[in-house]
Every structure is written in structure tokens, then in C-alpha cells.
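# Per-entry structural report
Chain by chain, the residues run as shown.
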Amino acid sequence: QHEYALRTHTFNTLVPKLKYFATNPEYFMMNLDGERVDLQLCPSNPDILPIAARVTRQILANHPDVEYFALAANDGNWRCHCVPCRTLDKAADPGKHCHHCFIMHYSSAGSLIHMANRLGEMIEDEFPGVRIMAQAYLSSQRAPINAKISDNGFIELCNHMQLLNKPVDWTTSD
């Protein structure tokens with residue numbers, strides 16, 4: 001039995017939208033129309049990391065037996081479309097052509113892993129036994145090819161979109 005601090009949908013706990021969106025919309029995702037909306041964080045924005053690290057440290061200080069800290073997107077299949085996030089995501093996963101909608105799909109795992117690695121770096125001296133769990137969920141579910149999680153992190157697959165009677169295989173178009 002492993003002890004987790006938080007478990008899922010943690011973005012809003014780490015950087016609460018009610019506290020920050022009105023004054024700092026750049027902390028939050030950019031939609032396809034180029035507007036900042038409060039549905040998810042912008043994982044590439046370095047200004048959210050000190051806030052997330054402070055909240056993480058507070059939670060971990062109150063739960064000394066915790067081994068894992070969850071970094072997980074809010075519910076909903078939303079992702080940040082700003083240039084830095086798209087650059088991280090596309091560098092991690094070149095994408096695949098969808099034979100259903102005829103567009104390229106790529107994972108948002110690159111920006112999530114980037115944020116998890118930076119958060120892990122920020123807390124590792126104070127909490128050396130804690131690992132950051134980056135939850136692969138919805139848009140970040142497709143495994144990245146060119147991004148690696150830090151030694152004090154790991155990826156948990158929240159696999160509710162894959163057919164459970166088939167192996168997880170993102171190398172085919174099926």
C-alpha cells in the first residue's frame with residue numbers, strides 16, 4: 001500500500017483558478033481561439049511552478065508518510081494550445097494521423113512531463129522520498145516518444161479510453 005498526497009485532478013488545487021485566473025490568466029490554458037480559459041493550467045508557464053511547489057510543500061509537510069504526489073489535469077479533455085506547450089508536446093510526440101477525423105493528433109504528455117520534472121526538482125531536497133506522479137489522462141494518455149520523466153517521478157496511466165480487450169498500443173492507427 002502506497003500513500004498518495006492528492007490523487008487526481010490536482011491542477012486546480014495547485015494553482016486555484018478562483019484565486020489566480022482574474023489577475024493571471026496566462027497561468028491557464030489557451031484554447032484553439034487563442035483565448036486564455038480556466039479549464040486547465042498552462043504547464044509550460046514557469047510562473048506557476050513556485051505556486052504549485054509552495055502548495056505541494058504545504059501538503060507534504062502535513063502528510064509526512066506520503067510517498068507519491070499526484071500531478072494531474074483537471075477533468076475534461078482540455079489542453080493548453082499556447083506555442084510553448086504545443087512545442088513541448090509535439091517534441092515529445094510527433095503525433096499520428098487520425099483516420100476518423102483526418103487531422104494529426106499528438107499527446108499533451110510533453111508539457112505535463114515538463115511540469116512534473118520541474119516540480120520534482122523544486123521539492124526533491126526537502127522531500128527526497130517523494131515521487132511526482134504525472135497522470136496520463138485523456139489528452140496526455142498517448143505515451144510520449146521523446147520525453148522522459150525524472151528519477152523522482154513516474155507516469156500513471158489513467159486508461160479509460162482504450163478498449164480493455166486490446167493491448168495498449170499507440171503505434172497503430174486502430
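Values in this document were obtained by computation on a predicted structure and should not be read as measured data. (Residues numbered from 1 in each chain as written. Predicted model: local features only at pLDDT ≥ 70, side-chain atom pairs only at ≥ 80, totals over all residues. Heavy atoms only, no water.)

On to the overall build of the chain. A tally of regular secondary structure across the chain gives five helices and eight strands. Its helices and strands in sequence order give the chain the pattern β-α-α-β-β-α-β-α-β-β-α-β-β, from N to C terminus. Within the chain, the fraction of its 174 residues that count as buried is 45%. Sequence-distant contacts, at least 24 apart, represent 64% of the contacts inside the chain between residues at least 6 apart. Summing over all exposed atoms, the chain offers an accessible surface of approximately 9,500 Å²; the carbon and sulfur share of this is 55%. (Helix = DSSP H or I, 4+ residues; strand = E, 2+ residues; numbered from the N terminus. Buried < 20%, exposed > 50% of the residue type's maximum accessible area, 1.4 Å probe, protein only. Contact = heavy atoms within 4.5 Å. Areas by Shrake-Rupley, 256 points an atom, 1.4 Å probe, with all protein chains shown as cover.)

Of the residues in the chain, 68% reach a pLDDT of 70 or more, and the chain-wide mean stands at 79. Confidence, expressed as mean pLDDT per element, reaches its minimum in the chain at strand β1 (residues 4–5) with 55 and its maximum at helix α2 (residues 17–20) with 96. Contacts of residues 170–174 to residues separated by more than four positions or lying in other chains number nine contacts, the stretch itself having pLDDT below 50. (pLDDT = per-residue confidence, 0-100.)

Its 15 residues place the ends of helix α5 (residues 109–123) 21 Å apart at the C-alpha level, agreeing with the 21 Å of an ideal helix rising 1.5 Å per residue. The element α5 is extensively covered by neighbouring structure, given that eleven of its 15 residues are classed as buried. For α5, the set of buried residues is A109, G110, S111, L112, I113, M115, A116, N117, L119, G120 and I123. (Expected span 1.5 Å × (residues − 1).)

All right, on to the nonpolar core then. Counting 28 residues, the largest nonpolar core has V15, L71 and M115 as the members making the most contacts within it. Taken together, the elements giving at least two residues each to this core come down to α1 (11–14), α3 (48–62), β4 (68–71), α5 and β7 (131–137). If near-sequence neighbours (up to four positions away) are discounted, L71 is found in contact with T10, F11, L14, L112, M115, A116, L119, I132, M133, A134 and Q135. Core analysis: the second largest hydrophobic core is formed by five residues, M29, C42, C80 and C82 among them. (Core = buried A, V, L, I, M, F, W, Y, C linked by side-chain atoms within 4.5 Å.)

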